[in-house]
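# Secondary and tertiary structure notes
Okay, here's what each chain looks like letter by letter:
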Amino acid sequence: MSTTPAPAEDLVVLGKIVSVHGVRGEVKVYSFTDPVDNVLDYQRWTLKRDGEVKQVELASGRLQGKVLVAKLKGLDDREVARTYAGFEICVPRSELPELSDGEFYWYQLEGLRVIDQAGQLLGKVDHLFETGANDVMVVKPCSGSLDDRERLLPYTEQCVLAIDLAAGEMQVDWDADF
């Protein structure tokens, strides 16, 4: 179950093992991918939790109702599988599929400076989350930002006007009616 891991800065978190499933060592997975079962497209996972790192291989996986269940190679004991709860599931960035122009992975947006149309720095993208209607960016204040407010901005075409990864910036229209 071990291969040479990718450097930590090269890993992207795709999900998390949340608990054990059944008696044969399967685990329940919370997936951050869209669709949720895309996490099963990756055969090798790097598991990370509190400084501990494990390399595992996916034997099989399935969507069972609303629960994603994974079987890891060599993990056949329920009690051992229970110790895997809380591990983040990571893969190297290089294994992620190429996106079309104008599409971005969330990890690419995190840390970008957010600038309004008047050129004012609102803060930096801390993280994103789903609401069902659209994704939302959590913009936290940083050195040089307009004020000390945390802002929740929709990740929509109406709000996000431009993204320049090379410059580390995103231009937004945060006064738009959402």
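Residues numbered from 1 in each chain as written. Predicted model: local features only at pLDDT ≥ 70, side-chain atom pairs only at ≥ 80, totals over all residues. Heavy atoms only, no water.

## Observations regarding the UniProt feature "domain: Ribosome maturation factor RimM PRC barrel" (unreviewed entry) in the chain
Here is the rule: UniProt positions are given in the numbering used here, feature names are shortened, and annotations may be inferred rather than shown by experiment. Helix numbers and strand numbers start at the N terminus; a helix is a DSSP run of H or I with at least 4 residues, a strand a run of E with at least 2.
Mapped onto this numbering, the UniProt entry annotates "domain: Ribosome maturation factor RimM PRC barrel" (unreviewed entry) at residues 106–175. For the annotated span residues 106–175, helix accounts for 6% and strand for 47% of the residues, and the straight-line distance between the end C-alpha atoms is 23 Å.

## Describing unusual backbone geometry
Geometrically, the link from D34 to P35 is a cis peptide bond, its omega value of 0° lying close to zero. Relative to the elements of secondary structure, P35 occurs in the loop between β2 (26–31) and β3 (44–49).

## Concerning the environment of S19
For clarity, the cut-off: We call two residues in contact when some of their heavy atoms are within 4.5 Å.
Topologically, S19 is positioned in strand β1 (residues 11–21). Through-space distance from the C-alpha of S19 to that of N134 is 28 Å; in sequence the pair is 115 residues apart. Not counting chain neighbours up to four residues away, the residues in contact with S19 comprise V27, K28 and A85.

## A short note on the sheet that holds strand β12 (residues 169–172)
So the rule is basically this: Pairing between strands requires that DSSP locate at least two bridges from one strand to the other. As a rule, the C-alpha atoms of each element are fitted with a line to give its axis, helices using only the stretch in contact, and angles between N-to-C directions run from 0 to 180 degrees.
Overall, mixed pairing links the 6 strands, which are arranged β10-β9-β8-β7-β12-β11 in an open sheet. The sheet terminates laterally at β10 (151–154) and β11 (160–164), the two strands that pair on one side only. Sheet twist, expressed as the mean angle between neighbouring strand axes with direction ignored, is 35°. As defined by bridge partners, β11 adjoins β12 across 4 bridges and the pair is classed as antiparallel. Across the sheet, the residue bridging to D164 is E169, located in β12.

## Some words on the nonpolar core
Just so we agree on the cut-off: Each nonpolar core is a collection of buried residues, namely Ala, Val, Leu, Ile, Met, Phe, Trp, Tyr and Cys, held together in the definition by side-chain atoms within 4.5 Å. Note on classification: 1.4 Å probe, protein chains only; a residue is buried when its accessible area is under 20% of the maximum for its type, exposed when over 50%, partly exposed between these limits.
Core analysis: the biggest nonpolar cluster contains 23 residues, and I17, V29, V39, W45, L47, L72 and Y84 have the highest contact counts within it. Where this core is concerned, the elements lending two or more residues are β1, β2, β3, β4 (52–64), β5 (67–72) and β6 (88–92). Counting residues per element, this core draws most heavily on β1, at 4 residues. Among residues more than four places away in sequence, those in contact with I17 are V27, K28, V29, L47, L72, Y84, A85, G86, F87 and I89. The next biggest cluster of nonpolar side chains, apart from the first, holds 13 residues, and it includes V114, L128, L153 and V172.

## Remarks on the pattern of salt bridges
Applicable threshold: Each reported salt bridge corresponds to a side-chain nitrogen of Lys or Arg within 4 Å of a carboxyl oxygen of Asp or Glu.
Following the criterion strictly, the structure yields 10 salt bridges and no others. The partner of R62 in a salt bridge is E26, and the shortest N-O contact between them spans 2.9 Å. Taken together, the residues R62 in strand β4 and E26 in strand β2 connect sequence positions 36 residues apart. Exposure remark for R62: the relative accessible area of 33% places this residue in the partly exposed category. Between R44 and E57 there is a salt bridge, with the nearest N and O atoms lying 3.8 Å from each other. Residue R44 is found in strand β3, and its partner E57 is found in strand β4; the two are separated by 13 residues along the sequence. E57 gets classed as partly exposed once you look at its relative accessible area, which sits at 23%. By sharing partners, the salt bridges in this structure join R44, E57 and K73 into a single network.

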